[in-house]
Amino acid sequence: MRLTKYFLPVLRENPAEAQIASHRLMLRAGMIRQATAGIYSWLPLGFKVLRRLEQIVHEEQQRAGHIPLLMPTLQSADLWRESGRYDDYGAEMLRIKDRHERDMLYGPTNEELITDIFRSAVSSYKDLPLTLYHIQWKFRDEMRPRFGVMRGREFLMKDGYNFDLTVEDAMHAYNRHMVSYIRTYERMGLKAIPMRADGGPIGGDHTHEFLVLAPTGESAVFYDRAVTDLTLGDRAIDFADRGQVSEIVATWTAPYARTDERHDAAEFAKVPEDRRVEGRGIEVGQIFFFGTKYSEPMKAVVVNEAGERVPVQMGSHGIGVSRLVGALIEANHDEKGIIWPEGVTPFHVGIVNLKQGDGAADAACEALYAELRSAGLDPLYDDREERAGAKFATMDLIGLPWRITVGPRGLANGRVELTSRRTGESEEMSPGAAIARLSDIYRGHLDGRPAA
Ligand code: 5CA
């Protein structure tokens with residue numbers, strides 16, 4: 001992409017309404033624009049990051065054996081009357097009447113709708129286990145939408161639902177989700193810690209939230225510092241292997257880590273004092289096991305091996321995809337702007353032409369641009385007639401992890417400059433060496449990404 005052809009409405013001033021860094025930077029970098037309270041348009045740069053996160057979520061869900069589908073945003077109230085949640089959900093649910101005076105709602109979550117799909121098609125244990133998921137917009141009429149996309153009213157969620165014959169099978173589904181979520185967040189360059197939490201309106205006692213530690217987080221959390229040292233890395237995981245999956249879960253859930261609703265001072269006191277941390281976190285996901293809470297009232301039953309009709313064991317599992325964009329920025333920024341981790345960056349590298357209009361500089365930038373693209377990378381070329389300082393400020397604000405600076409002086413020696421956004425360190429090298437270095441850096445982050 002060339003910047004003169006793109007739509008990147010950056011703001012010079014700090015928007016007054018933004019209280020935290022991610023909200024401020026998303027507005028300033030031209031990623032989002034508020035449509036109305038808690039509802040945002042995703043401008044091209046923000047949309048690119050959102051799509052990239054969706055892609056990672058899809059890849060990791062399918063790696064775990066879960067199957068994508070797409071359910072609508074609008075649902076009929078009748079299904080929610082069957083589960084009893086139409087009345088229970090309260091003011092957070094946006095209720096709508098259609099022209100025939102039928103009660104509709106904008107889905108805040110999809111347990112009822114997916115259970116209805118399941119019961120209409122599955123009646124035998126032979127079709128289990130089954131986990132279906134989608135990535136779809138949700139609406140919750142939050143009392144206090146704030147912090148931009150972090151607590152929106154309309155937000156994008158990945159929600160998955162497992163259907164199993166036995167509690168043990170459903171616990172394996174729960175564990176599979178926990179491991180796949182840890183891997184998903186790691187691929188995004190985030191550390192999210194599973195913590196024992198509260199079931200809330202989804203239900204069930206067996207639930208973990210995933211929290212990104214950040215002082216601006218809305219949740220108070222208590223944890224053993226040891227949990228922050230754990231990483232999954234890219235070791236091979238066989239998601240069908242119950243032993244391997246439950247062993248990973250055991251490792252990650254052994255250290256004390258709970259949100260304030262589940263905090264137990266006596267248990268916490270057993271953690272060595274120098275490892276006890278009270279902090280704050282951003283909830284970027286939650287997994288639930290709730291057994292037959294929906295299958296029983298909605299009669300989602302299967303015939304088991306003995307020929308008996310039994311309600312299926314279920315759980316649901318959510319990732320806050322749009323909230324993650326904010327969480328990523330909270331965890332990765334400095335006073336100049338965003339610093340995207342390589343796994344999620346909207347463009348891989350920015351090209352800054354120090355002297356637009358100079359024949360040699362323009363030709364070198366065009367060649368670099370074309371070669372980066374043929375190497376499978378996605379560059380953003382700042383080809384504006386602007387001062388170098390303004391170009392650097394824009395690149396720093398939008399946070400591409402790497403910048404190649406091209407100017408007549410360096411070119412005279414066959415050199416360009418490669419700069420890391422995170423460290424600020426620069427190195428001079430030939431354009432070919434810069435391309436080779438970037439290809440190396442992004443190897444492993446490119447799976448599934450369409451070639452530029
Ligand atoms: N049905 C279950 C799991 S599929 C469910 O709805 N879980 S949830 O309520 O925990 O939501 C899943 C994730 O969506 C949360 O962990 C959070 O990251 C995100 N989320 C929830 N509310 C909001 C909101 N108002 N704005 C942005 N993201 C939100």
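About the cut-offs
- Residues numbered from 1 in each chain as written.
- Predicted model: local features only at pLDDT ≥ 70, side-chain atom pairs only at ≥ 80, totals over all residues.
- Heavy atoms only, no water.
- UniProt positions renumbered as here; feature names shortened; annotations may be inferred.
- Helix = DSSP H or I, 4+ residues; strand = E, 2+ residues; numbered from the N terminus.
- Pairing = 2+ DSSP bridges.
- Axes fitted to C-alpha atoms, helices over the stretch in contact; angles between N-to-C directions.
- Core = buried A, V, L, I, M, F, W, Y, C linked by side-chain atoms within 4.5 Å.
- Buried < 20%, exposed > 50% of the residue type's maximum accessible area, 1.4 Å probe, protein only.
- Domains from an automatic or database assignment.
- Contact = heavy atoms within 4.5 Å.
- Phe/Tyr/Trp six-rings, centres within 6.5 Å; stacked < 30°, edge-to-face > 60°.
- Lys NZ or Arg CZ within 6 Å of the ring centre and 35° of its normal.
- Buried area = accessible area lost by both parts, 1.4 Å probe.
- Polar contact = N/O pair within 3.5 Å; in protein donor to acceptor, adjacent residues only side chain to side chain.
- Parallel < 35°, antiparallel > 145°, perpendicular 65-115°, else oblique.
- Left-handed = near helix turned anticlockwise from the far one by under 90°.
- Near = heavy atom within 4 Å.
- Areas by Shrake-Rupley, 256 points an atom, 1.4 Å probe, with all protein chains shown as cover.
- Nonpolar A, V, L, I, M, F, W, Y, C, P; charged D, E, K, R; others polar.

Caption draft 1: Quick look at the UniProt feature "domain: Aminoacyl-transfer RNA synthetases class-II family profile" (unreviewed entry) in the protein. According to UniProt, the positions carrying the feature "domain: Aminoacyl-transfer RNA synthetases class-II family profile" (unreviewed entry) are residues 33-341. A helix fraction of 29% and a strand fraction of 32% characterise residues 33-341, whose end C-alpha atoms lie 23 Å from each other.

Caption draft 2: The arrangement of the sheet that holds strand E23 (residues 426-429) in detail. Taken in spatial order, the five strands line up as E20-E19-E21-E22-E23 in an open sheet, and their pairing is mixed. The sheet terminates laterally at strand E20 (379-382) and E23, the two strands that pair on one side only. Adjacent strand axes in the sheet meet at a mean angle of 20°, parallel and antiparallel pairs treated alike. Strand direction decides the pairing type here: strand E22 (residues 416-420) and E23, joined by four bridges, are antiparallel.

Caption draft 3: Quick look at the nonpolar core. In terms of nonpolar packing, the biggest core is built from 76 residues, with Met-31, Leu-53, Tyr-185, Phe-210, Val-284, Val-325 and Trp-340 touching the most fellow members. Looking at this core, the element that brings in the most residues is helix H6 (residues 167-187), giving seven residues. Two domains each donate at least three residues to this core, and these are domain 1 (3-338) and domain 2 (349-446). Leu-105, Leu-113, Leu-130 and Tyr-161 belong to the second largest nonpolar core, which has 26 residues in total.

Caption draft 4: Fine view of the environment of Arg-176. Note that Arg-176 resides in helix H6. Expressed as a C-alpha distance, the spacing of Arg-176 and Glu-273, which sit 97 residues apart in the sequence, is 32 Å. In this view, Arg-176 contacts Ala-64, His-66, Thr-131, Phe-239 and Val-245; residues no more than four positions away in its chain are not counted.

Caption draft 5: Quick look at the packing of aromatic side chains. Counted under the stated rule, the structure contains 11 aromatic pairs. Ring centres 6.2 Å apart and planes at 80° place the aromatic pair Tyr-181 and Tyr-185 in the edge-to-face group. Remark: Tyr-185 and Tyr-181 occur in helix H6; sequence separation between them is four residues, near one turn of the helix. The buried category is assigned to Tyr-181, whose relative accessible area is 0%. Ring pairs connect the aromatic residues Tyr-181, Tyr-185 and Phe-210, which therefore count as one cluster. One Lys or Arg, Lys-48, reaches over the ring of Phe-347 and ends 3.9 Å from the middle of that ring.

Caption draft 6: Local environment of the pairing of strand E2 (residues 39-42). Note: strand E1 (residues 32-36) against E2, four bridges, orientation antiparallel. Within E2, the residue paired with Gln-34 across the bridge is Tyr-40. Between E1 and E2, which pair antiparallel and follow one another directly, the connecting turn spans two residues, one of which, Gly-38, has a positive phi of 70°.

Caption draft 7: Representation of the environment of Leu-50 within the structure. Topologically, Leu-50 is positioned in helix H2 (residues 44-63). A C-alpha to C-alpha distance of 6.8 Å links Leu-50 and Val-325, two positions 275 residues apart in sequence. Apart from the residues within four sequence positions on either side, Leu-50 is in contact with Trp-42, Trp-137, Leu-156, Val-321, Ser-322 and Val-325.

Caption draft 8: Local environment of the domain arrangement of the protein. Taken domain by domain, the protein comprises domain 1 (3-338) and domain 2 (349-446). Taken over C-alpha atoms, the centre of domain 1 sits 37 Å from the centre of domain 2. Counting residues at the interface gives 16 residues for domain 1 and 14 residues for domain 2. When domain 1 packs against domain 2, close to 1,300 Å² is buried across both sides, 53% of that on carbon and sulfur atoms. The largest share of the area that domain 1 buries against domain 2 comes from Leu-3, Lys-336 and Ile-338, three residues that together contribute 39% of it.

Caption draft 9: The arrangement of the side chain of Asp-159 in detail. Here Asp-159 lies in strand E8 (residues 154-164). A polar contact of 2.5 Å, which involves the side chain of Asp-159, links it to the side chain of Tyr-161. Residue contacts for Asp-159: discarding those within four places in its chain leaves Asn-110, Leu-132, Tyr-133, His-134, Lys-138, His-317 and Gly-318.

Caption draft 10: Spotlight on the sheet that holds strand E6 (residues 103-106). The strand order across the open sheet formed by three strands is E4-E6-E5, and the pairing between neighbours is antiparallel. Only two strands of the sheet have a single neighbouring strand rather than two, namely strand E4 (74-76) and strand E5 (94-97). Averaged over all neighbouring strand pairs, the angle between strand axes comes to 35°, with direction disregarded. With four bridges joining them, E5 and E6 adopt antiparallel strand pairing. Note on E6: the bridge partner recorded for Ile-96 is Met-104.

Caption draft 11: Helix H9 (residues 321-331), seen in detail. Of all the 11 residues making up H9, 10 are buried; the element is thus mostly covered by neighbouring parts of the structure. Within H9, the full set of buried residues consists of Val-321, Ser-322, Arg-323, Leu-324, Val-325, Gly-326, Ala-327, Leu-328, Ile-329 and Glu-330.

Caption draft 12: Region of interest: the packing of helix H10 (residues 359-374) against helix H13 (residues 431-442). Following both chains from N to C, one finds H10 and H13 inclined at 30°, their axes separated by 10 Å at the closest point. Overall, the two elements H10 and H13 adopt an arrangement that is roughly parallel. Pair H10 / H13 crosses with right-handed handedness. On the side of H10, the interface is formed by Leu-368, Glu-371 and Leu-372, while H13 contributes Pro-431, Ile-435 and Leu-438.

Caption draft 13: Here's a closer look at the site of the ligand. The local shell around the ligand holds 22 residues, among which Thr-109, Glu-111, Arg-140, Gly-152 and Glu-283 are the closest. One of the side-chain nitrogen or oxygen atoms of Glu-111 is found 2.7 Å away from a nitrogen atom of the ligand. For the ligand, whose accessible area on its own is 600 Å², the fraction buried by protein is 96%. Mapped by element, the contributors of at least two residues to the shell around the ligand are E8, strand E13 (276-291) and strand E16 (313-320). By residue number, the principal contributor to the shell around the ligand is E13, which donates five residues. Split into classes, the residues belonging to the shell around the ligand amount to seven nonpolar, eight polar and seven charged.

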